[in-house]
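Structure at a glance
So the chains spell out like this:
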Amino acid sequence: MKVVLQNLTKKFPNRGKRSNGEVVAVNNFNFEIPDGMLIGLLGPSGCGKSTTLNLLSGLEKPTGGRIFFGDDDVTDLPAEKRGVGVVFQNYALYPHLTVKENILFPLENLKGTEKLSKSQMLEKAYEAARLVQIDELMERRPSELSGGQQQRVAIARALVKRPRVLLLDEPLSNLDARLRLQTREEIRRIQRETKITTVFVTHDQEEAMSISDRIVVMNQGVVQQIGRPQEVYDDPFNLFVAKFLGTPPINVFDGRIHDHKLYIGKDALFSVGDVPEQEVYVGIRPEGFVLCGDGPLCCKMSGVEVMGRDISVVATHEASVGQTIRAIISSENRVDLEKTEVRFKLKPNKVFIFSRKTEERIVFRAD
């Protein structure tokens with residue numbers, strides 16, 4: 001099912017005693033989700049991603065704009081008539097019902113021509129349970145399940161009606177790290193098998209990048225960038241996107257363009273072609289550093305963290321916006337811990353320049 005958002009806007013009244021006006025949670029959102037695709041809505045708390053999900057589900061009404069499922073305008077349809085399945089952060093399972101009864105619940109509320117016989121409902125419930133691999137737990141209650149198993153029940157309940165669109169609101173945030181990894185792989189498997197158009201909301205950029213066909217990065221109700229995860233990581237539109245994506249995060253420095261060269265402090269890194277002279281922010285991905293005894297970027301050594309196949313060199317620089325710099329290099333390198341300074345040359349494709357005024361990306365050609 002293709003989903004189209006046209007100029008979608010949601011405003012809430014400002015309840016602050018000292019403030020008037022409205023709070024814009026979603027601002028003029030335009031996007032088309034192709035049929036059968038998994039989209040990750042990504043951003044910090046308060047960016048508008050959960051509000052967007054609530055608008056899609058019908059739990060909130062938009063202040064402006066339209067929502068289409070295929071050719072159907074569903075903007076004014078109530079939630080129960082939109083054909084959506086929703087999985088909430090807290091699972092929202094009925095504690096007094098068994099797994100089977102929880103999964104059957106949406107089917108038991110069907111009316112009219114959609115009403116099913118008991119045998120049909122049971123067949124669909126077990127089909128959904130097998131899909132999420134909990135068919136052996138059907139007689140248990142939620143309190144007798146692990147967090148991951150409860151999450152699977154919630155997904156099965158959302159899938160049992162074969163919704164036109166599946167909406168997942170931070171479904172992994174209550175799970176531990178290992179279970180989170182396992183469950184996100186399961187979500188991706190289930191989505192590929194069912195081919196249901198899915199919107200996955202999270203503030204965890206690693207989750208979004210690992211399972212999404214496309215990611216939508218949001219901030220303060222405004223879409224910052226849309227694209228394939230790796231494309232957005234490699235080609236951020238602005239400083240916010242560059243800083244939000246990546247673990248460890250990108251290293252940011254105060255820099256300048258002078259005489260067609262990029263400077264960080266006194267260090268001239270490389271030529272940048274015809275970029276006008278100006279003050280800039282310089283972003284360097286952790287994997288963009290190359291240990292080099294005569295490299296152009298000189299930093300003060302703070303320490304080394306061994307991570308198996310990689311080494312994280314922790315350093316400082318007077319022009320760094322953050323307190324420390326992290327450079328990820330191969331464990332085959334040998335770092336002299338007796339030295340107070342460490343030098344790097346840089347991979348130009350891992351270095352980004354941003355306007356100091358607008359924080360938008362400045363494209364350059366390294367010479």
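This text follows the structure it describes.
All values derive from a computational prediction rather than experimental measurement.

Moving on, we come to empty space enclosed by the protein. According to the stated counting rule, one finds three cavities of 30 Å³ or more in the structure shown. Size it by volume and the largest cavity reaches roughly 40 Å³. Looking at the largest cavity, the residues that line it are Ile 155, Leu 159, Leu 166, Leu 168, Ile 187, Ile 190, Gln 191, Thr 194 and Thr 198. Taken together, the elements giving at least two residues each to the lining of the largest cavity come down to α4 (147-159), β7 (165-169) and α5 (177-194). A total of four residues in the lining of the largest cavity trace back to one element, the largest contributor, which is α5. Across the lining of the largest cavity, the residue classes break down as six nonpolar, three polar and no charged.

Attention now moves to the nonpolar core. Residues Ile 103 and Ile 134 are the most contacted members of the largest nonpolar core, which totals 35 residues. The set of elements that each furnish at least two residues to this core consists of α2 (99-108), α3 (118-131), α4, β7 and α5. Top element by residues in this core is α4. It accounts for six residues. Sequence-distant contacts of Ile 134, that is, excluding residues within four places in its chain, are made with Val 99, Ile 103, Ala 129, Arg 152, Val 153 and Ala 156. Counting 30 residues, the second-largest nonpolar core is a separate cluster that includes Val 282, Ile 284, Cys 299 and Ile 353.

For Arg 256, the position within the fold is in strand β11 (residues 251-258). Once the C-alpha coordinates of Arg 256 and Ser 355 are considered, the two residues, 99 residues apart in sequence, prove to be 9.7 Å apart. When near neighbours in sequence (up to four residues on either side) are disregarded, Arg 256 contacts Lys 261, Leu 262, Tyr 263, Gly 265, Gln 278, Glu 279 and Val 280.

Moving on to the sheet that holds strand β5 (residues 72-73). Sheet architecture is open: four strands sit in the order β2-β1-β4-β5, paired in antiparallel fashion. Edge positions in the open sheet fall to β2 (22-33) and β5, since each of these has one partner strand only. The strands touched by helix α1 (residues 49-57) within the sheet are β1 (3-13), β2 and β4 (64-69), with β1 carrying the most contacts at an inclination of about 115°.

Parameters and conventions
Residues numbered from 1 in each chain as written. Predicted model: local features only at pLDDT ≥ 70, side-chain atom pairs only at ≥ 80, totals over all residues. Heavy atoms only, no water. 1 Å grid on protein atoms, 1.4 Å probe; cavity = no way out; pocket = protein on both sides within 12 Å on 5 of 7 lines; lining within 4 Å. Points joined across faces, edges and corners; volume = space filled by probe spheres on them. Helix = DSSP H or I, 4+ residues; strand = E, 2+ residues; numbered from the N terminus. Nonpolar A, V, L, I, M, F, W, Y, C, P; charged D, E, K, R; others polar. Core = buried A, V, L, I, M, F, W, Y, C linked by side-chain atoms within 4.5 Å. Buried < 20%, exposed > 50% of the residue type's maximum accessible area, 1.4 Å probe, protein only. Contact = heavy atoms within 4.5 Å. Pairing = 2+ DSSP bridges. Axes fitted to C-alpha atoms, helices over the stretch in contact; angles between N-to-C directions.

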